[in-house]
Amino acid sequence: MTTRRTGPDAERVTGQVAGLLLAAGGGRRLGGRPKALLTHRGRPLVEHAVRALRAGGCERVHVVLGARADDVRARAELPDCVLVDNPDWERGMGSSLRAGLASLAGTEARAVLVLLVDQPGIGPQAVARVLAAYAARETGYPRDARSARSAREGQEARNSLVSATYAGVRGHPVLFGAAHWAGVAAAATGDRGARAYLKEHADAVALVECGDVAEAYDIDTEEDLSRLG
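Turning to unusual backbone geometry, a few remarks are in order. The omega torsion of the bond from His 172 to Pro 173 falls at 0°, within 30 degrees of zero and hence cis. Although it is not a glycine, Arg 41 sits at a positive phi angle of roughly 55°. Among the residues examined, Arg 41 registers a relative accessible area of 65% and is labelled exposed. For Arg 68, which is not a glycine, the phi torsion comes out positive at approximately 50°. Structurally, Arg 68 is set in the loop between β4 (61-65) and α3 (69-75).

Before going further, it helps to examine the packing of aromatic side chains. Applying the stated criterion across every chain yields a total of 0 aromatic pairs. Above the plane of the ring of Tyr 217 lies Arg 227, whose end atom (NZ or CZ) is 4.1 Å from the centre.

Moving on to the pattern of salt bridges. Counting across every chain of the model gives 10 salt bridges. For Asp 220, the salt bridge identified is with Lys 35, shortest N-O distance 2.6 Å. With Asp 220 in the segment after β9 (206-209) and Lys 35 in the loop between β1 (17-23) and β2 (39-40), this residue pair connects regions lying 185 residues apart in the sequence. Look at Asp 220 and you get buried, because its relative accessible area is 18%. In this structure, Asp 85 and Arg 73 form a salt bridge, with 3.0 Å as the shortest nitrogen-oxygen distance. Here Asp 85 is found in strand β5 (residues 82-85), whereas its partner Arg 73 is found in helix α3, with 12 residues between them in sequence. Its relative accessible area of 33% is what places Arg 73 among the partly exposed residues.

A few words on the side chain of Gln 119. Take Gln 119: it is sitting in the loop between β6 (111-116) and α5 (124-139). When its relative accessible area of 7% is taken as the criterion, Gln 119 is described as buried. In this structure, Gln 119 is in contact with His 172, Ala 216, Tyr 217 and Asp 218, ignoring residues within four places of it in sequence.

Moving on, we come to helix α4 (residues 93-103). For α4, every residue scored as buried is listed here: Gly 94, Ser 95, Ser 96, Leu 97, Ala 99, Gly 100 and Leu 101. On its buried side, α4 packs onto β1, β4, β5, β6 and α7 (181-187).

Basis of the calculations
- Residues numbered from 1 in each chain as written.
- Predicted model: local features only at pLDDT ≥ 70, side-chain atom pairs only at ≥ 80, totals over all residues.
- Heavy atoms only, no water.
- Buried < 20%, exposed > 50% of the residue type's maximum accessible area, 1.4 Å probe, protein only.
- Helix = DSSP H or I, 4+ residues; strand = E, 2+ residues; numbered from the N terminus.
- Phe/Tyr/Trp six-rings, centres within 6.5 Å; stacked < 30°, edge-to-face > 60°.
- Lys NZ or Arg CZ within 6 Å of the ring centre and 35° of its normal.
- Salt bridge = Lys/Arg side-chain N within 4 Å of Asp/Glu carboxyl O.
- Contact = heavy atoms within 4.5 Å.

Shown next as structure tokens:
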């Protein structure tokens, strides 16, 4: 069942969340084929991930490119996306996460929802479910108390941490309020991304089970290509 946001308050709050797609990997174990350009259902894989973010509720989407970035721009249809170049993509996913978060500086985003390009089993339902959990945390007040808590709402939005889980194991999408971006960027090294930061702040992370609406497999090896259509 698809989780849908309802009501103007939820729409307003989730409208402040930017989608961030990490799509810079070079596919080392795939013979050097960039994952963004793998074909899925007749189109580059990066397009499917962007559609999942948009259909799930992220109106603004930033896409971090690295390996063969010019080819991705030429072949993939990514209208209205903010395309972010990561010249250090070979250093691992952590560098792409840092580049993506840096690209959000100066925007109106209060939070960012992160998705990986090589997980086509994670679609709009999981994105929507994580966004709904975020919105519920920020709009769960009686209407007559709204004016009294407006400043607090803004701060809580920036302090949010939400993660999808699969049979209880954390995975993507993961959402970071803006107050966490600097800490996430500082901890993102190699291919670890935000793993260390989330482990350190485990007590603050709202967990959202998504195993009934998505599959969290990766496209990493030649054998994994069989999962693509």
